[in-house]
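# Breakdown of the fold
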Amino acid sequence: MEQNKTRSFIQYFRRRYKFWTLILAAFLMCLDYLIMLNLTHNQLSFSHMMYIPIVLLGSILGSVYGLVGGIVAGLLAGYFMPYNLLTGEPQYWVDWVFRMSMMATVGLISGLLSRSAKKVRDHMSNVLFHDPNSRLHNINYLRSLNLEVSQSYLTCTLFLGNQETIVDVNGYESYYMYLNMIDDGLKKIYPKIEIILAAPNQVWMIVQQENKEQFIADMLQILFAANILPDCELFVDYAFGISSQKHFKDSDKTKYFIQSDLAAREALAHHITYMTYIDLKTNKQFEYELLSEFTRALSNGQIYMVYQPIIDLKTSKAKALEALIRWEHPIKKMIRPDQFIPAVENTSMIHDMTLQVFDWVLKYATRLLKEKIIMKVSINISTKNLYDERFFPKMIEVFNKYQIKPHNVELEITETVLMDKPEISKRVLERFATFGFRIAIDDFGKGYSSLAYLAQFPINVIKIDRIFTSKILINPATQAIVKATIDLAKQLGYEVLTEGVEDIETADMLTRMGCNSAQGYFYMRPRREDDILEYLRNNR
Ligand code: C2E
Ligand code: CA
Ligand code: CA
């Protein structure tokens with residue numbers, strides 16, 4: 001409360017300082033004049049007191065005020081001040097004019113001196129508070145800020161993931177120009193926003209704003225436009241994080257930036273444009289709850305497998321089944337695999353999960369075999385499984401419990417595995433292949449690997465990702481890419497499977513293109529064991 005009062009008093013004085021300086025100077029001059037008038041002797045020596053308001057005027061309001069103040073003071077202490085107060089005898093004019101000119105000169109000089117002192121101060125603070133290259137404010141500036149408390153503020157961290165590459169490819173100047181475009185764009189919408197360059201690839205913002213959604217929309221628009229510079233276009237891999245405070249405390253600024261940093265880092269890691277700290281906290285909590293229940297869910301029937309048939313396009317009959325995991329949570333209901341697998345992958349539970357999946361799938365394949373249905377089964381293997389050398393023997397141990405032929409088991413691996421750690425992946429895949437398992441590259445085309453690159457790995461099947469399948473009818477370029485991929489893959493000896501077929505037109509086109517097999521909602525959605533068995537019995 002007390003602090004607020006002091007702050008508002010300072011702010012009031014800052015706004016009206018000219019007026020109050022004039023009042024104070026006028027008061028001091030009048031006081032001095034009255035003192036002089038009431039002295040009976042030697043009153044002129046008190047004219048020196050006039051220098052106080054004169055210097056005050058000159059140094060605070062500038063040299064013109066100093067000069068005028070000097071003249072006024074000179075007249076009060078000269079023309080309007082008798083030499084003899086009793087007789088009223090005036091001063092000799094040369095005396096008071098000389099004194100007045102001295103006073104005017106002091107007023108003028110103090111104005112000039114204070115102006116150059118201000119210039120030096122401005123220059124110093126410029127150097128101290130700005131990044132020398134981008135001209136954006138730096139951390140020192142943030143420390144010097146004293147923002148109003150008890151207001152709603154947003155802090156935002158913008159991370160430029162590929163800052164070094166931009167600098168290498170486009171040069172420093174382009175990068176700074178990009179930062180300035182963001183700075184200018186934001187200041188046009190939010191004139192009071194504070195923008196700070198915290199690190200070469202990290203920008204902090206702080207703005208008084210309640211509407212988070214509006215700020216996010218503005219940020220997206222500015223970032224969308226900022227990468228187009230007059231002479232080049234930048235590719236910027238950015239992400240931002242937002243933290244909002246209803247009851248902002250200036251002393252907690254850095255804490256708020258830690259929150260927006262965390263959110264931005266998470267967004268960047270997941271290749272999404274932005275994330276709020278609240279979402280991050282909710283996600284982490286959700287993830288934590290899932291992980292703590294995961295092991296139990298794996299054994300109490302909440303987690304189970306569904307199967308989706310893979311159709312041979314020549315015969316139109318199912319030739320394999322892809323096993324897909326499901327988690328039906330009593331409270332959270334159906335949890336999608338992409339909601340829990342990434343979290344599980346960060347723990348050693350991913351090995352237990354895959355081994356359990358493997359066991360369930362082989363058991364189901366055995367059940368099918370008893371019905372004289374020989375069906376290949378396809379299992380998704382996580383990147384983390386492959387990178388652990390102890391995984392292979394454990395898998396074989398599970399496999400040996402059943403009488404399934406290895407070539408009826410297909411392991412699906414995404415291409416990113418082979419891109420990130422090619423040596424270790426190659427070693428592990430060769431062990432799998434030597435054992436007799438078939439290997440499929442899942443989601444092909446989503447990453448950046450080429451068929452030529454994949455040729456070094458022991459691969460049997462290429463599964464073209466469903467983002468291509470969904471566009472094949474409407475986009476001639478996608479059609480050409482898929483056709484070329486099928487042709488080349490077949491020449492290299494791979495079988496080609498297309499995922500995500502949802503209609504007969506796509507299925508027909510893929511058949512014409514020479515694709516070997518297909519999978520998708522058009523044929524069948526993933527279903528539970530009994531339903532699939534029923535379907536297979538009827539489609540022998
Ligand atoms: P994926 O391996 O690419 O699996 C195919 C996904 O596409 C499945 O989603 C499937 O339900 C869905 N799908 C199939 N046909 C169509 C279609 O015509 N249209 C559309 N829009 N989608 C279709 P699901 O079951 O949600 O699985 C998502 C991902 O989770 C899988 O992608 C896979 O990467 C992972 N996953 C699922 N089960 C397992 C598992 O047992 N182990 C591991 N490591 N990952 C798994
Ligand atoms: Ca798959
Ligand atoms: Ca896939």
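Below is a short write-up of the structure. Everything numeric here is computed off the predicted structure, so don't read it as measured data. (Residues numbered from 1 in each chain as written. Chains lettered and ligands numbered in written order. Predicted model: local features only at pLDDT ≥ 70, side-chain atom pairs only at ≥ 80, totals over all residues. Heavy atoms only, no water.)

### As for the layout of surface pockets
The computed volume of the second largest pocket comes to approximately 470 Å³. Around the second largest pocket sit 19 residues that line it, and Gln11, Asn146, Leu147, Glu148 and Tyr153 are the ones nearest its centre. Going through the elements one at a time, α1 (2–15) and β3 (202–208) are the ones with two or more residues in the lining of the second largest pocket. Examining the composition of the lining of the second largest pocket, we find that six residues originate from one element, α1, more than from any other. (1 Å grid on protein atoms, 1.4 Å probe; cavity = no way out; pocket = protein on both sides within 12 Å on 5 of 7 lines; lining within 4 Å. Points joined across faces, edges and corners; volume = space filled by probe spheres on them. Helix = DSSP H or I, 4+ residues; strand = E, 2+ residues; numbered from the N terminus.)

### Some remarks on the site of ligand 1
The immediate surroundings of ligand 1 are formed by 22 residues, with Arg326, Asp442, Arg466, Glu502 and Tyr521 found nearest. Here an oxygen atom of ligand 1 and a side-chain polar atom of Arg326 are 2.8 Å apart. Protein contacts shield 85% of the accessible area of ligand 1, which totals 790 Å² for the unbound molecule. Put simply, the parts of the chain that give the shell around ligand 1 at least two residues each are β6 (303–312), β7 (317–329), α12 (337–345), α13 (349–370) and β11 (438–444). Sort the elements by how many residues they give to the shell around ligand 1 and β7 lands first, with four residues. Classifying every residue of the shell around ligand 1 by side-chain character gives 10 nonpolar, five polar and seven charged. (Near = heavy atom within 4 Å. Polar contact = N/O pair within 3.5 Å; in protein donor to acceptor, adjacent residues only side chain to side chain. Areas by Shrake-Rupley, 256 points an atom, 1.4 Å probe, with all protein chains shown as cover. Nonpolar A, V, L, I, M, F, W, Y, C, P; charged D, E, K, R; others polar.)

### Some details on the pattern of salt bridges
Two side chains bearing opposite charge may form a pair once their charged atoms approach each other closely. For the structure shown, the criterion picks out 23 salt bridges. With its nearest N and O atoms 2.9 Å apart, the salt bridge here joins Arg367 to Asp530. Here Asp530 lies in helix α22 (residues 529–538) and Arg367 lies in helix α13, a separation of 163 residues in the sequence. Arg367 sits in the partly exposed class, given a relative accessible area of 33%. Here Glu410 ties to Arg438 by a salt bridge, and the two come within 3.0 Å at their closest N and O atoms. With Glu410 in strand β10 (residues 409–414) and Arg438 in strand β11, the pair connects residues that are 28 residues apart, well separated along the chain. For the pair Glu410 and Arg438, a shared accessibility class is recorded, and that class is buried. The network of salt bridges with shared partners includes Lys319, Glu410, Arg438 and Glu495. (Salt bridge = Lys/Arg side-chain N within 4 Å of Asp/Glu carboxyl O. Buried < 20%, exposed > 50% of the residue type's maximum accessible area, 1.4 Å probe, protein only.)

### Examining empty space enclosed by the protein
Summed over all chains, the structure comprises one cavity of 30 Å³ or more. The space that makes up the largest cavity amounts to roughly 30 Å³. In terms of lining residues, the largest cavity is bounded by Asn385, Leu386, Asp388, Glu389, Phe391, Phe392, Val428 and Arg431. Residue composition of the lining of the largest cavity, by class: four nonpolar, one polar and three charged.

### Overview of the pairing of strand β1 (residues 153–160)
For β1, the buried fraction is high: eight of the eight residues fall into the buried class. Residues Tyr153, Thr155, Thr157 and Phe159 line one face of β1 and the alternating positions Leu154, Cys156, Leu158 and Leu160 line the opposite face, and both faces are buried. With seven bridges joining them, β1 and β3 adopt antiparallel strand pairing. Bridge assignment links Thr155 to a residue of β3, and that residue is Ile206. Bridge count for β1 against strand β4 (residues 238–245) is eight bridges, and the pairing is antiparallel. Opposite Thr155, over in β4, you have Ser243 as the bridge partner. (Pairing = 2+ DSSP bridges.)

### Focus on the nonpolar core
If you look at the biggest cluster of nonpolar residues, it comprises 83 residues, and the most contacted ones within it are Phe340, Phe358, Val409, Phe432 and Ile462. Tallying contributions element by element places α13 first for this core, with 12 residues. Leaving out residues up to four positions away in the same chain, Phe432 has contacts with Leu386, Phe391, Phe392, Met395, Leu411, Phe437 and Ile439. Residues Val167, Tyr178, Met219 and Leu223 belong to the second largest nonpolar core, which totals 32 residues. (Core = buried A, V, L, I, M, F, W, Y, C linked by side-chain atoms within 4.5 Å. Contact = heavy atoms within 4.5 Å.)

### Concerning the coordination of the calcium ion (ligand 3)
Protein coordination of the calcium ion (ligand 3) is provided by Asp442 (OD), Asp443 (OD), Glu499 (OE) and Glu499 (OE), with donor distances spanning 2.1 to 2.6 Å. Sequence spacing among the residues donating to the calcium ion (ligand 3) works out to D-D-x55-E. In this model, the calcium ion (ligand 3) sits 4.0 Å from the calcium ion (ligand 2), the two metals being bridged by Asp442. A residue pair is termed long-range when its members are at least 10 positions apart, and Asp442 in strand β11 and Glu499 in the loop between β13 (495–498) and α21 (504–513) qualify at 57 residues. (Donors = N, O, S within 2.8 Å, 3.2 Å for Na, K, Ca; no water.)

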